Amino acid sequence: MATNAELIKVSGLCKYYYNGELKALDGVDYSINKGDVVVVIGPSGSGKSTFLRCLNLLEVPTSGEVVFKGVDITKKYYTDKNGNKVKLNIDEHRRKMGMVFQHFNLFPHMTVLGNMTLAPIKVKKMNKAEAEKKARKLLERVGLADRADAYPIQLSGGQKQRVAIVRALMMEPEVMLFDEPTSALDPEMVGEVLEVIRELATTGMTMVIVTHEMGFAKEVGKQIVFMADGKIVETGTPQEIFDNPQSPRLQDFLRKVL
Amino acid sequence: MFSASGFAKTWQYIQLFKEGLICTLSLSALTVIFGFILALVLALMRMSKFKPLSWFATCYVELFRATPMLVQLFIVYYVVFAKASLPSFKLFGFIRFERFFPGVVALSMNSGAYLSEIIRAGIQSIDHGQTEASRSLGLSSKQTLFEIVLPQAIKNILPAIANEFVTIIKESSICYTIGVQEIMYAVASIKGATYRIAEPLLIATAVYFCLTFPTSKIIAYFERRMSRGYKR
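Residues numbered from 1 in each chain as written. Chains lettered and ligands numbered in written order. Predicted model: local features only at pLDDT ≥ 70, side-chain atom pairs only at ≥ 80, totals over all residues. Heavy atoms only, no water.

Summarise the overall build of chain A; cite the residues concerned and give the values.
When helices and strands are counted, chain A shows nine helices and 12 strands. In summary, chain A has a C-alpha radius of gyration of 19 Å against a globular reference of 18 Å for 258 residues, a match within 12%. Expressed along its principal axes, the backbone C-alpha trace of chain A runs to roughly 50 × 50 × 40 Å. Across the 258 residues in chain A, those meeting the buried criterion constitute 54%. Expressed as a percentage of contacts within chain A between residues at least 6 apart in sequence, the contacts between residues at least 24 apart total 64%. Within the structure as shown, chain A displays about 11600 Å² of accessible surface, and the carbon and sulfur contribution to it stands at 48%. For chain A, the separation between the mean place of its 35 positive charges and that of its 32 negative charges on side chains is 6 Å. (Helix = DSSP H or I, 4+ residues; strand = E, 2+ residues; numbered from the N terminus. Rg over C-alpha atoms; globule rule 2.2 N^0.38 Å. Buried < 20%, exposed > 50% of the residue type's maximum accessible area, 1.4 Å probe, protein only. Contact = heavy atoms within 4.5 Å. Areas by Shrake-Rupley, 256 points an atom, 1.4 Å probe, with all protein chains shown as cover. Lys, Arg positive; Asp, Glu negative; His and termini not counted. Charge placed at Lys NZ, Arg CZ, Asp CG, Glu CD.)

Okay, structure coming up:
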């Protein structure tokens, strides 16, 4: 794919804990292009979530670069188009990256509508009526139009996660990051959430998904990344990864999970 | 101990209790406001990554919690404000500002230390995922604090804040030692005028109880109301 479509480029990404005793990420290089649906799989503790969380700097990497739309967001300053040195405001970049968490992290003191409109109103200075109209439209899309005024505590797990997804979509992000979006759900609610993500994939949204749902990974992923011990071990199309795994580590992993 | 004539004598000076009540209420209300603002600043300083700030806040809190209120009050009144000539006018026509103001300062500084620990515990009790979700939406750390973390934290610590307010109402009686005309000052004045002590003290007890008991009930009511909608 052409390099001008490159959205995120990660190089030499390392994240160490306890002064390097624990290497959560140990030199990760990867490029994500516009429209990609990248699914990251791997055993627990392989660094998948850390990798995802480094993409929007919720986790600050020990070393390495995360270049988002041409700007290395791990640095304090960057050079803009006109060659001026500009102080990096991470909030500006984060609002272009939506994130969905394993534990939903909805704001319990706000209604569904309040959760969804907060960032557009506070950050994008959208007016309230406009934001609410947009929120209702999105809620309709995920089948939750009637829950607009409910508080998160009144929703089921699956409903919470769908709200969390549309909350992120309210900011019209250029990439969506999913951190094990179905891991905290009861089995019967996994389907409804995956359905929303599946639908999102068909709209051409760039997505990076960390998941344990292998069937889903195979179906939705256009690129699969297999991680182990803080490194990317193997990448490829779902067919390559699932039907013809090369590395012994991946073969072993697939034997255990499939 | 108590006598009808004693009450009759005391009753002649009931105006002093009315003034004392107004004074105690103003003292407590201002203390809660300034104490809370100070506490918020101290709590944020204490959680700051910038070491000197958190070190300063820690020292402040430990110092004020480890020394008697009376000593703090005397230091503020006799030492800190000794040279500063405060404007001597009267609030509500009777409260001497030059005594009242040091009282507010001392009480605020003291309750700020206690409240800051309560606020800090409240902020730290909020799941870090809330902050992460907010930051991932592009809200700044300040917006996250004021829109997401503090509203939830304050709801959680409301009972503790209510307790602190009740404590302040009671502790404000100590300001009588520097001549602030609150309720205990009224008791002392009436004692001087009538040589009766039991009756004025009984009335003072009743007034304090009537202040603190409803206050805790009112805050308990708002606490229930605020948690409506998202209580498990």
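Now, onward.
Help me get a handle on the packing of helix H5 (residues 97–124) of chain B against helix H7 (residues 141–171) of chain B, residues and values and all.
All names here are of chain B. For the pair H5 and H7, the least separation of the axes is 8 Å and the interaxial angle reads 140 degrees. Accordingly, the angle class assigned to the pair H5 and H7 is oblique. Remark: the crossing between H5 and H7 carries right-handed chirality. Of the residues in H7, those in contact with Leu107, Asn110, Ser111, Tyr114, Leu115, Ile118, Ile119, Gly122 and Ile123 of H5 are Leu145, Val149, Leu150, Ala153, Ile157, Ala160, Ile161, Glu164, Ile168 and Glu171. (Axes fitted to C-alpha atoms, helices over the stretch in contact; angles between N-to-C directions. Parallel < 35°, antiparallel > 145°, perpendicular 65-115°, else oblique. Left-handed = near helix turned anticlockwise from the far one by under 90°.)

Tell me about unusual backbone geometry, and name the residues and values.
Note: most residues except glycine have negative phi, and most peptide bonds are trans. All names here are of chain A. One non-glycine residue, Tyr18, lies in the positive phi region at around 50 degrees. On the basis of relative accessibility, which here comes to 63%, the residue Tyr18 falls in the exposed class. Even without being a glycine, Phe104 presents a positive backbone phi close to 65 degrees. Considering the arrangement of structural elements, one finds Phe104 in the loop between strand S8 (97–100) and helix H3 (112–122).

Let's hear about the environment of Lys23 of chain A: which residues, and what values?
All names here are of chain A. Within the secondary structure, Lys23 is located in strand S2 (residues 22–33). Judged by relative accessible area, which is 41%, Lys23 ranks as partly exposed. Linking Lys23 and Lys231, residues 208 residues apart in sequence, is a C-alpha distance of 9.6 Å. Every residue in contact with Lys23, bar those within four places of it in the chain, is listed here: Lys15, Tyr16, Asp229 and Gly230.

Report on the pairing of strand S10 (residues 206–210) of chain A, specifying residues and quantitative values.
Residue and element names in this part refer to chain A. For S10, the tally of buried residues reaches five of five residues, placing the bulk of the element in the interior. Of the two faces of S10, the one lined by Thr206, Val208 and Val210 and the one lined by Met207 and Ile209 are each fully buried. Judged from the four bridges that link them, strand S3 (residues 37–41) and S10 form a sheet pairing that is parallel. In the sheet register, Val37 faces S10, and the bridge partner there is Met207. Both strand S9 (residues 175–179) and S10 contribute to a ladder of five bridges, which runs parallel. Within S10, the residue paired with Leu177 across the bridge is Val208. As a crossover connection, the stretch from S9 through helix H6 (residues 187–202) into S10 is right-handed. (Pairing = 2+ DSSP bridges. Right-handed = clockwise from strand over helix to strand, strands pointing away.)

Explain the side chain of Arg94 of chain A residue by residue, including any values.
You can see Arg94 of chain A is positioned in helix H2 (residues 90–94). A distance of 3.0 Å separates a polar atom in the side chain of Arg94 of chain A from the backbone oxygen of Leu57 of chain A. The contacts of Arg94 of chain A, once residues within four sequence positions are left out, are Asn56, Leu57 and Leu58 of chain A together with Arg135, Ser136 and Gly138 of chain B. (Polar contact = N/O pair within 3.5 Å; in protein donor to acceptor, adjacent residues only side chain to side chain.)

Outline the packing of H3 of chain A against helix H4 (residues 128–141) of chain A, supporting the account with residue identities and numerical values.
Residue and element names in this part refer to chain A. It is the contact of H3 with H4, at a shortest axis distance of 9 Å, that shows an interaxial angle of 125 degrees. The orientation of H3 with respect to H4, classified from their angle, is oblique. Here H3 runs over H4; the crossing is right-handed. Two secondary-structure elements touch here, H3 through Val112, Leu113, Met116, Thr117 and Ile121 and H4 through Lys128, Ala131, Glu132, Ala135, Arg136, Leu138 and Leu139.

Residue-level account of the nonpolar core, with values.
All names here are of chain A. Grouped together as the largest cluster of nonpolar side chains are 50 residues, with contacts concentrated most on Ile41, Ile165, Met176, Phe178, Ile197, Met207 and Ile209. With eight residues, H6 is the largest single contributor of residues to this core. Discounting chain neighbours no more than four positions away, the residues touching Ile209 are Val37, Val38, Val39, Val40, Phe178, Ile197, Phe216 and Val220. Counting residues in hydrophobic clusters, the runner-up holds 42 residues, among them Cys54, Phe68, Met110 and Leu177. (Core = buried A, V, L, I, M, F, W, Y, C linked by side-chain atoms within 4.5 Å.)

Break down the sheet that holds strand S5 (residues 71–72) of chain A for me, with residues and values.
The strand order across the open sheet formed by four strands is S2-S1-S4-S5 (chain A), and the pairing between neighbours is antiparallel. The strands lining the two open edges of the sheet, one partner per strand, are S2 and S5 of chain A.

An account of the packing of aromatic side chains is needed here, citing residue identities and associated values.
Per the counting criterion, the structure on display carries nine aromatic pairs over all chains. Each ring, one from Phe74 of chain B and one from Tyr78 of chain B, has its centre 5.3 Å from the other, and the planes form 85 degrees; the classification is edge-to-face. Here Phe74 of chain B pairs with Tyr78 of chain B, and both are found in helix H4 (residues 69–80), just four residues apart, close to one helical turn. The rings of Phe81, Phe89, Phe97 and Phe101 of chain B are connected pair by pair, giving a single aromatic cluster. A cation sits over an aromatic face here: Lys85 of chain A above Tyr77 of chain A, 4.8 Å from the ring centre. Over the ring of Phe107 of chain A we find Arg167 of chain A; its NZ or CZ atom is 4.5 Å from the centre of that ring. (Phe/Tyr/Trp six-rings, centres within 6.5 Å; stacked < 30°, edge-to-face > 60°. Lys NZ or Arg CZ within 6 Å of the ring centre and 35° of its normal.)

So what's going on with the interface of chain B and chain A? Which residues, and what values?
The partner chain A presents 26 residues to the 21 residues of chain B that form the contact. In this assembly, chain B packs against chain A so that about 2000 Å² is buried in total across both faces, 60% of it on carbon and sulfur atoms. Run the count over chain B and chain A and you get three salt bridges. Salt-bridge contacts for Lys122 of chain A lead to Glu147 of chain B; the nearest nitrogen and oxygen are separated by 3.2 Å. (Buried area = accessible area lost by both parts, 1.4 Å probe. Salt bridge = Lys/Arg side-chain N within 4 Å of Asp/Glu carboxyl O.)

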